[in-house]
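Here is how the chains run, residue by residue.
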Amino acid sequence: ADMERLVERLEKAVERLETVCQGSGRCGEPSAKGVAQYVQAFDALLAGPVAEYIKISKEVGGDVQKHAEMVHAGLLSERALLVVASQHQQPAENAFSELLKPISEQIQAVQNFREKNRGSKLFNHLSAVSESIPALGWVAMAPKPGPYVKEMTDAAMFYTNRILKEYKDVDKKQVDWVKAYLSIWTELQAYIKEYHTTGLTWSKTGPVATGGAKAAPAPPAGIAPPPPGPPPPPAPVSSSTDDSASRSALFAQINRGEGITSGLRHVSDDMKTHKNPALKNQGGPLRSGPKPFTAPKPACNANPSPKAPPLLELEGKKWRVENQENASNLVISDTELKQVAYVFKCTNSTLQIKGKINSITLDNCKKLGLVFDDVVGIVEIINSRDVKVQVMGKVPTISINKTDGCHVYLSKSSLDCEIVSAKSSEMNVLIPTEGGDFTEFPVPEQFKTVWNGQKLVTTVTEIAG
């Protein structure tokens, strides 16, 4: 039955494409006036895996449906860029950045939707999409756009595995949603391998593309034209290994347990931007939020963008701690249960959060020490390196994702905490002893999987030496 349904969908997609070709007389003619073969192939992707994902998302409804509409808009923006590339020669860097805007804006919209709906019952669905949507930026990735899409797809697996675990024997529709969504990126990788192996393919003839280049009409099947869109994310930058001695020195005070608070400096009201607006104008305008996805800059760029100013402020219910460097005495004390803390791009710093809050997220931090009292939701550590986290009270869940080097110090009242990790290394959990010291336990990173005749069985493996 599934195979018949798939064949039927493919036949309908082909019929729609043939109708458009016959009506315009442009298909099969990759000239400036026609629809290039790789644009037609992308239309097939939209009519196949994307259409199935949209269909199931509508059945799931709610935030998932809204998110799917944003993803669809991003894919249509990408389709518009492909049409431009098929009819124009490759433009200069600044013109290309203008062409990328519709895609990057849609990427940002998808990610902002996740951040604004952290209380959603379908938060894992939103996170899976938000973590992988930068894959749309493959058009600016050369010479390996395919592996870039694969990397972004892997980032979604942490959350799709959560969904499968939760709904596997409960709701088949949710399982189908995961399969449909992941198939988009799998098919996109195959598409890139065939048509854009080393980067976006531009026409060898026609005018040079400009920021105002117009795209051909939207694809068949009545799909609405895309909204303006954005530049894709830059390729991940690999960082060099750090001296272990400096790491130990930076976070040595965390081992002091409750005594760590003795050396902290209180941040008074006149130093907080949310209570003293005049501070916001010092050092230039502040960003409205972290912008990890901007137009890629050429490697030879001699004028790097200015460093963003440090930030510690309460915005609505969110504490924002951003771009702090060598700040060893940061304190957040005026907390409430509904508040969350978002710590972004902080380096070589320590932060204490007093009281009980909803959740804490560390994103793109390096050599950061975090001490907090109580969290009723989750502490997330994402894309970070060499961080140390100490729980003074209770926390139900700590999530470690794409992080290298993470030490978690648990209190006696938080020993039942669940620690979930993915794509991370050098993780250690430290358990308090009766004498006040800590005993260190490494979190497994290596596993062995075997087929037992009925299913795959995975166990932790330890290799000596």
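Residues numbered from 1 in each chain as written. Predicted model: local features only at pLDDT ≥ 70, side-chain atom pairs only at ≥ 80, totals over all residues. Heavy atoms only, no water.

Under an unreviewed UniProt entry, the protein chain has the name Adenylyl cyclase-associated protein and belongs to Myiagra hebetior. Regarding the protein chain, the UniProt comment filed under Subunit (unreviewed entry) reads as follows: "Homodimer. Binds actin monomers." Quoted verbatim from the Function (unreviewed entry) field of UniProt, the annotation for the protein chain is "Directly regulates filament dynamics and has been implicated in a number of complex developmental and morphological processes, including mRNA localization and the establishment of cell polarity." (UniProt positions renumbered as here; feature names shortened; annotations may be inferred.)

Re unusual backbone geometry
Here the amide bond leading from Ala142 into Pro143 is cis, since omega sits at 10°, within 30 degrees of zero. Take Pro143: it is sitting in the loop between helix H5 (123–132) and helix H6 (145–167). The phi dihedral of Asn348 falls on the positive side, at around 55°, and the residue is not glycine. Note that Asn348 resides in strand S5 (residues 347–357). Of the residues examined, Asn348 reaches a relative accessible area of 26% and is grouped as partly exposed. (Helix = DSSP H or I, 4+ residues; strand = E, 2+ residues; numbered from the N terminus. Buried < 20%, exposed > 50% of the residue type's maximum accessible area, 1.4 Å probe, protein only.)

Re the side chain of Ser424
By the element assignment, Ser424 lies in the loop between strand S12 (418–422) and strand S13 (425–432). Here the side chain of Ser424 touches Lys402 through a polar contact of 3.2 Å, landing on its backbone nitrogen. Polar contacts involving the side chain of Ser424 include one to the main-chain carbonyl oxygen of Ala422, which spans 3.0 Å. (Polar contact = N/O pair within 3.5 Å; in protein donor to acceptor, adjacent residues only side chain to side chain.)

With respect to H6
Relative to the 33 Å expected for 23 residues at 1.5 Å per residue, H6 spans 33 Å between its end C-alpha atoms, a close match to the ideal helical length. At Phe158, H6 shows its largest bend, some 35°. (Expected span 1.5 Å × (residues − 1). Bend = angle between axes of the 7 residues up to and from the residue.)

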